[in-house]
Amino acid sequence: MDNAVFRTRDLTKIYRTGEVEVRALNGVDSELYEGEMTVLLGPSGSGKSTYLNIVGGLDRPTSGTVHFKDRELTAYSERKLTLYRRDHVGFVFQFYNLIPSLTAWENVALVTEVARDPMTPDEALALVDLGDRMTHFPAQLSGGEQQRVAIARAIAKQPEVLLCDEPTGALDSKTGILVLEALAKINDELGTTTAIITHNAAIQEIAHRVISFIDGKISQVQVNETRIKPAEVVW
Amino acid sequence: MRVLDRKLYRDLGRLWAQALAIALVMACGVATLILSVGAYRSLEDTRSAFYDRYRFGTVFASATRAPNHLRSRIENISGVASAELRIVKPVLIDVIGMREPASGIVVSIPEFRDPSVNRLYLRQGRLPEAGRENEVAVVETFADAHEFRPGDTFEAIMNGRKRPLKIVGTVLSPEYIYAIGPGDMVPDPRRYGVFFMSQKALGGLFDMEGAFNDVSLATVRDAELRAIIDDLDALLKPYGGTGAHDREDQISHAFLDSELNQLQAMSSIIPPIFLLVAAFLVNMIMSRLIALEREQVGLLKALGYGNLTIGGHYAKLVVAIALVGLVIGSTAGLWLGRGLTRLYAEFFSFPFLIFRQSIDLYILAGSVTVAAALAGAVKAIWSTVALPPAVAMSPPAPTTYRSFFFGRLQRLGILSQLSVMAVRHLIRWPVRSFLTTLGTSLSVALLITSLFAYDSIDFMIDTIFFQADRQDATLSFSQDLSPNALFAVAALPGVIKAEPFRRTAVKLRNGHRELRMAILGVPENANLSRILDLDLNPMQAPQAGMVISERVAEKLDLRPGDFVEVELMERNNRIVEVEVGRLAQGPVGRPDTGGPATPGAIAVSGLAQSYVGLTAYMRSEALDRLLRDGRQVSGARIQVDSARLPALYSEIKRTPAIASIALQGVSRTRFRETIEQNITTSTTVYITLAIIITFGVIYNSARIQLSERARELASLRVFGFTRAEVSSVLMIELSIIVLLAQPLGWLLGYGLSWMVVQGFANDLFRIPLVVSAQTFAYSSLVVVAAALVSALIVRRRVDRLDLIRVLKTRE
């Protein structure tokens, strides 16, 4: 298939914290395809977050290459990486990472102000069903609501890819499902290529494709013939 | 960037307490600069405006009795704009109800016109009318000291006769802004006054019709003063001229200059210290504050914001805080500066005040402050934006702590686990710990720098009044008398002991360096008034040669053993040039036979006198030989039975041969009052600012420490440690820093004080560098108290830590 958005070859990342050396990625070859929802599965420390950070332009590999469409990300300068993140990538993090001093609406506007062709913050918040909570500060929102603000913020710029690192990790099953529904809706309606990290195997059934990580390597790639709706996920 | 600006606005709101504390630290630095430099410039401007508008002379001379027809020749000297020929005579004053004798000078004013030089500013009433022998205008300070108003009367002994005088007006004169009596160190307007009477009346009273004994010249711009002085000297020499001089040697101007110089020294040393210390502290605080924003910086990067945009955002935060500081500082500085200027102006009795607005100060203070704050922030911003966003967003990797020897102490039960936590944290970040310690110690240093003046002045007063000049009073004769006069002095009521002295005005010269001063001839074994060497031990004037003070030696570039040229200014109408080395047969200041040998230094200078004025001592016999007119005395130092003072006073009031009496006790009190009045005001301001700085720094350090370790501390609470135990981790760290900061602060404070002393030194005053134990203790106490208060505030925050929330967010 030639519609790969991301293609990695021999991707390796070694972290040194203090005196300890950690091989977070160990020669990963992979593809993420356009319009697909991919779930990256694996136990903690398996390298999935590192993988996501690198393809999202948040970090650089120690060796190996990443191609975004036909461009080589790994050759990008710091400045080009910034522009890449600004124009093409939306992020959702486990701990929401909202700016506490900005309201929900303003947290989204933070992105729309620098994006090339954004939707309005109101539209983005409406997509995640938060149209009525726009003037609330993060501290006044529940965890699920905060995560949906983060999703609205990620998709407001209409990115080509949406990268989510444990988006439901800090949430209970009920709110977790709400968040997954928001992600699925965006993938369906906007056709945004989406990658979701989780260590919750139950989630994998909502994806088109599941990539499993173990010890910094991809152990298995599985294509789901039938997908279930987020509401049907058994937590 | 509207949303980013909103974030900025809200961040400021969130950080308001810390932002305000930082802004206040900056404000203090800014205020010090604006207040003291502003006050100095305003006074300087006021003085020159007063000089200009009231035509203060530029060349001054006196003679014994010169004919008025010299006027045209004086006016024809090239460069002279106008000349005022006057009669200036000493008077003794008798004010009803005042025990001690007062003295002053009476100055003639021309009839039917304003003086062309040294005009008077009329504050109240009018000027004396032509020829009225009983009408007098008095300087305002004298009138105020006695609560005199126009219409009041007092008595004066003029030319040996007592006369009633009626005050018709009070005036201010540019010539007598600083009216200082003989033997006094600071003006005492109660005991010394300047009086103005009609020229005609004074001519009659002093047998000076058609003659003058004093001249003031106004000169054209760029006039060659040196040449004018030479010409004037040549004209006056036959009439007892004692040598013309320019403003530099005019007493009022010189004292005023010295005061302004001190003010300038204060404004050129203390404010930069404050400003730089404040800047350093702001720099330190800012960099730590921004470092705390690491995760938000990471997020902004992840969202696609560029480094410049993010940097600009935080720069705005910093600049906003700096601007608040600048505004507070400028306002406070302006307000305090005006107050200080007013206070000084009152002390100097200027007729009006000119406040100068100095834009350059605001620009200077503003740019130093903003630059320091930005520099601090840039460091932190840069180190954060340089990280890949993924790394920035996660908390910093666990730091490698080292165990050192604490483990053993711990096992022995000497250090608790919590203390180990605190100590390891300090040691793990040596640079940061050092900077915080340095910041705290700078607070100690600032306090010492503000406070030490009191110690130095106490020491100075003790040295001058109890080590060196221990007499109760100094009598000055109207003219030099034979040594027999000493017997008359000894016979005065209440006099227990009398020591003669001889004084002669000279110019000391070494190459092109020259000083106008006096040589004091002192008897062998003088015990009331003693010369002190550099170590403040009493010493004798050498049999031959001269002892000079350190300041004189410095100004003339003389060392013990050098020769100096002495120009005698005022004996028997003759001016002689003598090379003292040859004549006195001894090198300057060599402690030869008779003096204690202190080899190898200017061991011979009288350091006690060195705090005040310029001094040179010789043995009386040696001075007599130099002057070639036999043994003479100019006055006497006396020790008095205080019970018989009133009798002594009334006797002196009746003795025309005694021109003045300087009372050490009164002089000392007055000196202390004046100095304290001048110093207290500015010192109070500096201390207040130093305390604010101290508080701002320590509070911020503690708050930042709390933010940096909130997670760790919350975890401790979760593990079951009590609030007190958890707070103790922070408190131990804080107290170690505060304790270590004390000795360092003392050292820095002593150094800064030394700089202030160097900047203060001038011909009239030098302050010794003395810092008492109390000053060290007080400074430390203030800092410790500020630390305690800050600690308590932070402690309350530790108590309120939201355990769940702290633990839930991020890992």
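Relevant structure appears above.
Keep in mind the model is a prediction, meaning the values are calculated, not measured.

Calculation criteria
Residues numbered from 1 in each chain as written. Chains lettered and ligands numbered in written order. Predicted model: local features only at pLDDT ≥ 70, side-chain atom pairs only at ≥ 80, totals over all residues. Contact = placed C-beta atoms within 7 Å. Helix = DSSP H or I, 4+ residues; strand = E, 2+ residues; numbered from the N terminus. Nonpolar A, V, L, I, M, F, W, Y, C, P; charged D, E, K, R; others polar. Buried ≥ 20, exposed ≤ 12 C-beta atoms within 10 Å, placed from the backbone. Axes fitted to C-alpha atoms, helices over the stretch in contact; angles between N-to-C directions. Left-handed = near helix turned anticlockwise from the far one by under 90°. Core = buried A, V, L, I, M, F, W, Y, C linked by C-beta atoms within 7 Å. Pairing = 2+ DSSP bridges.

Asks: Help me understand the interface of chain B and chain A, please; the structure alone is not making it clear to me.
Replies: Accessible area lost upon the coming together of the parts serves often as the stated size of an interface. Taken residue by residue, the interface counts 25 residues in chain B and 22 residues in chain A. Mapped onto the side of chain B that touches chain A, the elements with two or more residues apiece are helix 1 (2-14), helix 8 (294-302) and helix 11 (389-393) of chain B. By residue number, the principal contributor to the side of chain B that touches chain A is helix 1 of chain B, which donates seven residues. Counted by class, the side of chain B that touches chain A contains twelve nonpolar, five polar and eight charged residues.

Asks: Would you mind showing me how to read helix 8 of chain B here?
Replies: In terms of burial, helix 8 of chain B is a largely internal element, eight of the nine residues being buried. Burial in helix 8 of chain B covers these residues: B:Arg294, B:Gln296, B:Val297, B:Gly298, B:Leu299, B:Leu300, B:Lys301 and B:Ala302. Residues of helix 8 of chain B that are buried sit in contact with helix 2 (78-88) and strand 6 (89-92) of chain A together with helix 7 (251-291), helix 9 (307-348), helix 10 (359-385) and helix 11 of chain B. B:Gly304 sits one or two residues past helix 8 of chain B and shows a positive phi near 100 degrees.

Asks: How should I be thinking about the packing of helix 2 (residues 16-53) of chain B against helix 9 of chain B in this particular structure?
Replies: A pair of packed helices is characterised by two quantities: the angle between their axes and the separation of those axes. All names here are of chain B. Where helix 2 contacts helix 9, the two axes come as close as 6 Å, and the packing angle between them is 35 degrees. Here helix 2 and helix 9 pass one another in a crossing that is right-handed. The class makeup of the residues in the contact of helix 2 with helix 9 is 25 nonpolar, ten polar and no charged.

Asks: What exactly am I supposed to notice about the nonpolar core here?
Replies: Across soluble globular proteins, nonpolar side chains have a tendency to be buried as a group. Counting 295 residues, the largest nonpolar core has A:Val108, A:Ala152, B:Val25, B:Ala278, B:Leu281, B:Val282 and B:Ile693 as the members making the most contacts within it. Counting residues per element, this core draws most heavily on helix 7 of chain B, which supplies 21 residues. Setting aside anything within four residues of it in sequence, one finds A:Val108 in contact with A:Pro121, A:Ala124, A:Leu125, A:Val149, A:Ala152, A:Arg153 and A:Ala156.

Asks: Sorry, what's going on with the pairing of strand 10 (residues 217-223) of chain A here?
Replies: Regular strands place their side chains on alternate faces of the sheet. Residue and element names in this part refer to chain A. In this structure, strand 9 (residues 209-214) lies alongside strand 10, joined through six bridges in antiparallel fashion. Bridging from a neighbouring strand, Val210 pairs with Gln222 of strand 10. Between strand 9 and strand 10, which pair antiparallel one after the other, the connecting turn spans two residues, and Asp215 there sits at a positive phi close to 50 degrees.

Asks: Whenever I open this one, the sheet that holds strand 9 of chain A confuses me. Can you help?
Replies: Sheet strands line up and pair through hydrogen bonds in the backbone, either parallel or antiparallel. Residue and element names in this part refer to chain A. Judged by pairing direction, the sheet is mixed, and its six strands sit side by side in the order 6-7-8-3-9-10 without closing on themselves. Both outer strands of the open sheet, strand 6 and strand 10, are each paired with one neighbouring strand and no more. For this sheet the average axis-to-axis angle between neighbouring strands, irrespective of direction, equals 15 degrees. Contacts from helix 1 (residues 48-55) reach strand 3 (37-41), strand 7 (161-165), strand 8 (193-198) and strand 9 within the one sheet, and its direction differs from that of strand 8 by about 150 degrees.

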